[in-house]
Amino acid sequence: MNEPAVARDAVVRVNGLVKRFGDFVAVDAVSFDIERGEIFGILGPNGSGKTTTIRMLCGLMEPSGGEAAIAGADIAKNPELVKARIGYMSQAFGLYRDLTVDENLEFYAGVYELGARKASRIAWAKHEMRLEEIGGRLAGVLSGGQRQRLALACAMMHAPEVVFLDEPTAGVDPAARRLFWTIIRERAADGVTMIVTTHYMDEAERFDRLVFLSRGKRMALGTPSEVKAQFGAHLSLEDIFVQLQ
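All of these numbers come straight from a predicted model, not from anything done at the bench.

**Q** Quick rundown of the pattern of salt bridges? Include the residues and the values.
**A** Enumeration over the complete set of coordinates arrives at 15 salt bridges. A salt bridge links Arg177 to Asp202; the nearest nitrogen and oxygen atoms lie 3.0 Å apart. Of the two residues, Arg177 sits in helix α6 (residues 174-189) while Asp202 sits in helix α7 (residues 201-204), which places them 25 residues apart along the sequence. In this structure, the salt-bridge partner of Arg177 is Glu203, at a minimum N-O distance of 3.1 Å. Remark: Glu203 occurs in helix α7 and Arg177 occurs in helix α6; sequence separation between them is 26 residues. A single burial state applies to Arg177 and to Glu203, both of which are buried.

Pasting the structure below:
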């Protein structure tokens, strides 16, 4: 089941990726490609190899075998170039609670050394992430949905080609989740590849395609409908998730 799946306009290519910790194989010859502008899910229960796979793709961990490239940058040979071409938003994204929304955006624009692009990128971020009305508020008093939109704005300040979103709507109310997914879909329509992890299987139905991992192996790959068909059309994605525990 781990043969390469070649996408038409792949911006992420993963071929036989392996990660070993001593005798333990955390990621076992996993392969998949992700198209430009796709909303792609990496799903799996705890211990599935999901986090290890993402850390390798982000250039944070060296693979033990196989190969992968992000926007043309080899994750093993050029991890620093990988980091420059991606955005990463974790559940605990490093917002400064005692700075305002505007000050956080200014800070990250400085971190990415945007130079002459700084003002335009901040204006873009405030508009596209619906932050224009709250620029003067402290990050520490924002609602969960507002914080997540600010975190995504900071992660995308340097206009990355690929963005990793680690459970981006955990603990966010339904209305804020809906707005956040509207923004994700807009960014994908702009050609940004969005790679998402979630434990909400209703959100997984929104993915263009997804890969299911279990015990380090690729168990299924395709659209939500195709993945369900691989396990049995009567099963939901939640049923599959539970089955792979």
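**Q** Tell me about the nonpolar core, residues and numbers included.
**A** Counting residues in hydrophobic clusters, the biggest one holds 46 residues, and the most contacted among them are Leu105, Leu150, Leu152 and Phe212. Counting residues per element, this core draws most heavily on helix α5 (residues 144-155), at 6 residues. Formed by 28 residues, the second largest nonpolar core is a distinct cluster that contains Phe40, Met56, Val82 and Val162.

**Q** Could you give an account of the packing of helix α3 (residues 101-111) against helix α4 (residues 118-128), naming the residues involved and the relevant values?
**A** Where α3 meets α4, the closest approach of the two axes is 10 Å, and the angle between their N-to-C directions is 135°. Relative to α4, the element α3 is oriented oblique. α3 and α4 meet at a crossing whose hand is right-handed. Counting all contacts with α3, which are made through Asp102, Leu105, Glu106 and Ala109, the residues of α4 involved are Lys118, Ile122, Ala125 and Lys126. Residues belonging to the contact of α3 with α4 are distributed by class as follows: 4 nonpolar, no polar and 4 charged.

**Q** Requested: an account of the packing of aromatic side chains, with residues and values cited.
**A** Applying the stated rule across the entire model yields 5 aromatic pairs. Taking the centre distance of 5.3 Å and the plane angle of 90° together, the rings of Phe107 and Tyr108 count as edge-to-face. Relative accessible area serves as the criterion here: at 34%, Phe107 is assigned to the partly exposed category. Here the aromatic rings of Trp181 and Phe207 are separated by 5.9 Å at their centres, their planes lie at 50°, and the arrangement is tilted. You can see Trp181 sitting in helix α6 and its partner Phe207 sitting in the loop between α7 and β9 (209-214), a full 26 residues away along the chain. In this structure an aromatic cluster arises from ring pairing among Tyr96, Phe107 and Tyr108. The ring of Trp124 carries Arg121 above its face, with NZ or CZ at 4.2 Å from the centroid.

**Q** Lay out α6 with the relevant residues and their values.
**A** Every α-helix winds through 3.6 residues per turn, so residues three or four apart in the chain are directed the same way. For α6, which comprises 16 residues, the first-to-last C-alpha distance of 23 Å matches the rise-based estimate of 22 Å (1.5 Å per residue) to within 8%. Among the residues making up α6, those that are buried are Ala176, Arg177, Phe180, Trp181, Ile183, Ile184, Arg187 and Ala188. Burial along α6 is one-sided: seen end-on, the buried residues are contained in an arc of 160°. Away from the buried face of α6 by more than 90 degrees, exposed residues Pro174, Ala175, Arg178 and Ala189 are located. Its side-chain oxygen 3.0 Å from the backbone nitrogen of Ala175, Asp173 forms the N-cap of α6.

**Q** Run through helix α1 (residues 50-57), naming residues and quoting values.
**A** Summarising burial for α1: 6 of the 8 residues are buried, a large majority. Along α1, the residues classified as buried are Lys50, Thr52, Thr53, Ile54, Met56 and Leu57. At the C-terminal side of α1, Gly59 shows a positive phi close to 75°.

So, how was this worked out
Residues numbered from 1 in each chain as written. Predicted model: local features only at pLDDT ≥ 70, side-chain atom pairs only at ≥ 80, totals over all residues. Heavy atoms only, no water. Salt bridge = Lys/Arg side-chain N within 4 Å of Asp/Glu carboxyl O. Helix = DSSP H or I, 4+ residues; strand = E, 2+ residues; numbered from the N terminus. Buried < 20%, exposed > 50% of the residue type's maximum accessible area, 1.4 Å probe, protein only. Core = buried A, V, L, I, M, F, W, Y, C linked by side-chain atoms within 4.5 Å. Axes fitted to C-alpha atoms, helices over the stretch in contact; angles between N-to-C directions. Parallel < 35°, antiparallel > 145°, perpendicular 65-115°, else oblique. Left-handed = near helix turned anticlockwise from the far one by under 90°. Contact = heavy atoms within 4.5 Å. Nonpolar A, V, L, I, M, F, W, Y, C, P; charged D, E, K, R; others polar. Phe/Tyr/Trp six-rings, centres within 6.5 Å; stacked < 30°, edge-to-face > 60°. Lys NZ or Arg CZ within 6 Å of the ring centre and 35° of its normal. Expected span 1.5 Å × (residues − 1). Arc of directions from axis to C-beta. Polar contact = N/O pair within 3.5 Å; in protein donor to acceptor, adjacent residues only side chain to side chain.

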